[in-house]
Amino acid sequence: MKQWMNLKTLVIIVAILFAVAFPQMGFKMYYVHIGVLSLLHILLALGLNLVAGYAGQLSLAQAAFFGIGAYVSALLMLNLKWSFWLAAPLGALAAGLVAVGIGLPTLRLKGPYFVISTMGFGEIVRLVFLNWESVTRGPNGLPGIPAPDPISLGFVTLTFESRVENYYLILTVLLVVLVLYYNLVHSRIGRALRAIRNDYIATQVMGIHVAFYRILAFGVGAALSGLTGALYAGYIRFISPDTFTIGESINILIMMVIGGMGTISGPIIGAIFITYLLETMRVFAEYRLVIYGLLMFLVILYMPHGIAGMLKKLSLRVRAGKKEA
Amino acid sequence: MFQEFVQQIVNGLVLGSTYALIALGLTMIYGILGIVNWAHSELYMLGAFVGVFLVVHLKLPFLLGLVLAMLVMALFGMAMDLLVFRPLRSAPEMNMIIGTLGISIFLVQAAVIVFSPNPVRFPTEFSDAYLSFMGISITLQRLMVFCVTLVLIALLNYIIKYTTVGKAMRACEQNRDAAKLMGIDINRISLITCAIGAALAAAAGTLVGPIFLVSPQMGLAAISKVFAVVILGGMGNVPGAIWAAFILGLAESLTAGFISSYYKDVVTFCILITVLIIKPAGLFGRSQIEKV
Amino acid sequence: MLKCEQLTIRFGGLSAIDRLDFEIDSGEIRGLIGPNGSGKTTLFNLISGIYTPTSGSIVFEGKPIAGRRPDEVTRAGIARTFQNIRLFGDMTVWENLLVGRHSRLKQNVFDDIFSTAKKRREESLAREMLENLLKQFRMEKLRDELAKNLPYGLQRELEIMRAMASEPRLLMLDEPAAGMNPQETDQLMLQIKRLKELGFTVLVVEHDMKLVMNICDKITVLNYGKKIAEGVPREIQAHPEVIGAYLGKQVKDSA
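Residues numbered from 1 in each chain as written. Chains lettered and ligands numbered in written order. Predicted model: local features only at pLDDT ≥ 70, side-chain atom pairs only at ≥ 80, totals over all residues. Heavy atoms only, no water.

1. Brief notes about the overall build of chain B
Stage number 1. What chain B contains, in helices and strands, is 11 helices and two strands.
Stage number 2. Secondary structure elements of chain B occur, N-terminal to C-terminal, as α-α-α-α-β-β-α-α-α-α-α-α-α.
Stage number 3. Here the C-alpha radius of gyration of chain B, 19 Å, is about what a compact globule of 292 residues would show, namely 19 Å.
Stage number 4. Residues classed as buried in chain B amount to 55% of the 292 residues present.
Stage number 5. Of the accessible surface of chain B, which amounts to about 12,500 Å², a share of 68% is contributed by carbon and sulfur atoms. (Helix = DSSP H or I, 4+ residues; strand = E, 2+ residues; numbered from the N terminus. Rg over C-alpha atoms; globule rule 2.2 N^0.38 Å. Buried < 20%, exposed > 50% of the residue type's maximum accessible area, 1.4 Å probe, protein only. Areas by Shrake-Rupley, 256 points an atom, 1.4 Å probe, with all protein chains shown as cover.)

Here it is, written out as structure tokens:
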């Protein structure tokens, strides 16, 4: 057990060091951009993972929450001249509250009912972005979103204009999120969610209010996506309905499934892996999706905990092998 | 006004027929195999492409093409049962949905590569024939969609109610384990169910392909509606799915005709969500008490 | 302690439980027997809140609980096991127990997310209690085993432990000896008797007559959702209606 923990700690430290050093390693700016997109996708995949991986309810509305966070924060910055630091949490809050509103009637429904409701909701949100032109400017989108305001720390002032600066901002947010996410998953909340996925009737009899925990997971997952939306808006400076489609929800799903549902490292691995492929294999776009589709089927069938689950199994086997030797 | 109204009713019946034919297979596969098949509307899309090939390229008469397309897709459905459903049978429901969603993405993109992403026209000998009545003209193709759908529904009803296979299917729907103990070959029944479901979806594709256009995305556009139909009808409930299909088809085309086509998709989901809140088992579903 | 009055539930036209009056005293072990389909498990589902009664009342320690949600009933102090074991298969033995303890942990959502001192204190109290439970059942070694990998008999025991983790005052066991061999059943009998010494009130549904007759203080007999007899084991064994309806020779043999 001890050795395993040490190995895990080592991997985490190396991963963090690499993530911090990445923009300084002399890659082209294009790769820093892919780095930022990977970080954003990690946040989105973590959000979905809370609902699907832990609570066992598949949501296809994650891109809609991503969009709500982006639009709410962008509109607050553009129209009311709010600071990013105020608008971003509000964007997250808005997405979370909308999810609670949607979750109340639909989350007591089983499997396909909930999936279809989230899919329909996602479509409605996209139609609103597209057709409410007086506010969202419809298909033209919202240009000229300001970057996050500089922060003065007395001796140094942090700005968030460049790619590298945004990279560090989003990495910082991600690390804080990961600590809280770890706490959540390893607390009684995480246990309750996994119990619900296993057997919700037995879970109720344990004194656990199933609907409350489902809505909590859905709401927190949506708020996380909303926060990501605000970070995205502050980075790209332009948003339009094209980004927040069901296709994006499915991308997020692919990342989570291939990386590994119901684990923390899974969404991280999956998001980096798929984002890299998405960006570098644009030429083969058609073939890429054929492969992803098939891959998703095979992974869910033969390794339901994805790459992360496979790595864990491997390291356990290596450890067992060592013991015998 | 009256003509417009009748026109929209006709459109609604065509739409309802499409939904009914696709939804029947979906609801049967759920009821009998216990599989939530997210890739089901891709059978409708592929059926339409097979129809185009047979009728437009091989120049077969439309009705012959329709029957052949159904046969081809029935074989495809059986392959799907063997390769996709059977391995997924004991997986948790969410994994089934994710797995079949993966298959759906695979089939759509494979169709894009094979047939190109651009919509294809599907003219038939009935496309230009009109039937005029009281100043209302309807293409024969539209009329045929509705009539053929009724015939297929009647046929399905006969199979389910009066044949040995149909009785075995109903037994599996009631209780798969007990059916197995009674000596019913579950694997055979699920193959037949998938063949019938795929053939019905293919019929929908070939019938409405000539009215709309045929494209790799046509299945994606239909899947959420078809699921809405199945849920409103009560998952696994065959007559419920038929009624719900026509109700949604009519609601959608009347909204498109008299309010705005922007809202026609919204209407479906508003109906769905409202019904789910009031009657979670669907309009025609028996509310089931979970065995504990 | 628990009192049902005129309790009725109908499915369709059928009364699964029909105007049942039923009372359990604090500290007793009560047996619930009857032929298959006589409504025993339905009664469990009514008391634990999984079904809502059509009419009638259920009062637990002076509080009405009929129609409350299952989680509210558990928090009120009733825990149960299931006839067809319902453990959290993909979780370890230890995690199953922690979930069982859930309703007694006092931290809120913020304590959990920010891992506050309160959360850590609550969790360490829970750990202490559950370690003792594991020791009592001699299952310390199986702590990190997945529940679904346990042998059948141990799964039944784990379900009882999981129910005990919420420190209920009334413990309802649904056919705890089903599928056990005679040795395991003897072991189980001792454990249920110990539960009584620990101050639990126990309601047990069981087909194994030897177990029921040996450990129960009182037995209630159901048939077609109605109570047909109630009394100490000796009375039940001699009760003509019970013998006629269900037990036959079996009762006398096990005496």
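2. Looking at the packing of aromatic side chains
Residues and elements named next belong to chain A.
Stage number 1. All told, the structure shown has 26 aromatic pairs over all chains when counted by the stated rule.
Stage number 2. Consider the rings of Phe-65 and Phe-121, whose centres lie 5.7 Å apart with planes at 35°: the pair is tilted. Here Phe-65, found in helix α3 (residues 62-79), pairs with Phe-121, found in helix α5 (residues 111-131); they are 56 residues apart in sequence, far enough to count as distant.
Stage number 3. Look at Phe-65 and you get buried, because its relative accessible area is 0%.
Stage number 4. Given the relative accessible area of 12%, Phe-121 is considered buried.
Stage number 5. Taken together, the ring pairs in this structure connect Phe-18, Phe-22, Phe-27, Tyr-30, Tyr-31, Tyr-167 and Tyr-168 into an aromatic cluster.
Stage number 6. The aromatic ring of Tyr-200 is capped on one face by Arg-214, whose charged end is 5.5 Å from the ring centroid. (Phe/Tyr/Trp six-rings, centres within 6.5 Å; stacked < 30°, edge-to-face > 60°. Lys NZ or Arg CZ within 6 Å of the ring centre and 35° of its normal.)

3. Quick word on the domain arrangement of chain C
Residue and element names in this part refer to chain C.
Stage number 1. Under the domain assignment used here, chain C contains domain 1 (1-77 + 181-255) and domain 2 (89-167).
Stage number 2. The distance between the C-alpha centroids of domain 1 and domain 2 comes to 27 Å.
Stage number 3. Taken together, the contacts link 11 residues of domain 1 with 10 residues of domain 2.
Stage number 4. The largest per-residue losses of area from domain 1 upon contact with domain 2 belong to Arg-75, Gln-191 and Phe-200, which jointly make up 40% of the total buried on that side.
Stage number 5. Where domain 1 meets domain 2, there are zero salt bridges.
Stage number 6. If you look at where domain 1 meets domain 2, you find two residue pairs in polar contact (both at pLDDT 80 or more).
Stage number 7. Elements supplying a minimum of two residues to the side of domain 1 that touches domain 2: α2 (70-76) and α7 (182-197).
Stage number 8. For the side of domain 1 that touches domain 2, the element with the most residues is α7, which contributes six residues.
Stage number 9. When its residues are assigned to classes, the side of domain 1 that touches domain 2 shows four nonpolar, four polar and three charged. (Domains from an automatic or database assignment. Contact = heavy atoms within 4.5 Å. Buried area = accessible area lost by both parts, 1.4 Å probe. Salt bridge = Lys/Arg side-chain N within 4 Å of Asp/Glu carboxyl O. Polar contact = N/O pair within 3.5 Å; in protein donor to acceptor, adjacent residues only side chain to side chain. Nonpolar A, V, L, I, M, F, W, Y, C, P; charged D, E, K, R; others polar.)

4. A closer look at the confidence of the model for chain C
Stage number 1. This prediction gives chain C a mean pLDDT of 90; 96% of its residues lie at or above 70.
Stage number 2. Per-element mean pLDDT across chain C ranges from 48 in helix α11 (residues 249-254) of chain C up to 96 in helix α3 (residues 93-101) of chain C. (pLDDT = per-residue confidence, 0-100.)

5. Overview of helix α10 (residues 210-236) of chain A
Residue and element names in this part refer to chain A.
Stage number 1. The end-to-end C-alpha distance of α10 is 39 Å, a good match for the 39 Å that 27 residues give at a rise of 1.5 Å each.
Stage number 2. Burial within α10 is extensive, with 21 of its 27 residues counted as buried.
Stage number 3. One or two steps after α10, the chain reaches Arg-237, where phi turns positive at roughly 70°. (Expected span 1.5 Å × (residues − 1).)

6. Comments concerning the packing of α3 of chain A against helix α4 (residues 84-106) of chain A
Residues and elements named next belong to chain A.
Stage number 1. Contact geometry of α3 with α4 gives a least axis separation of 8 Å together with a crossing angle of 140°. It follows that α3 is oblique to α4 by the angle criterion. The handedness of the crossing between α3 and α4 is right-handed. From α3, Phe-65, Ile-68, Gly-69, Val-72, Ser-73, Leu-76 and Met-77 reach across to α4, where they touch Phe-84, Ala-87, Ala-88, Leu-90, Gly-91, Ala-94, Ala-95, Val-98 and Ala-99.
Stage number 2. The residue makeup of the contact of α3 with α4, split by class, is 13 nonpolar, three polar and no charged. (Axes fitted to C-alpha atoms, helices over the stretch in contact; angles between N-to-C directions. Parallel < 35°, antiparallel > 145°, perpendicular 65-115°, else oblique. Left-handed = near helix turned anticlockwise from the far one by under 90°.)

7. Digging into the sheet that holds strand β1 (residues 2-11) of chain C
Residues and elements named next belong to chain C.
Stage number 1. Taken in spatial order, the four strands make up an open sheet running β2-β1-β4-β5, and their pairing is antiparallel. Because the sheet does not close on itself, it has two edges, and the strands there are β2 (14-24) and β5 (63-64).
Stage number 2. Pairing of strand β4 (residues 55-60) with β5, which is carried by two bridges, proceeds in the antiparallel orientation. Bridging across to β5, Phe-60 finds its partner in Lys-63. (Pairing = 2+ DSSP bridges.)

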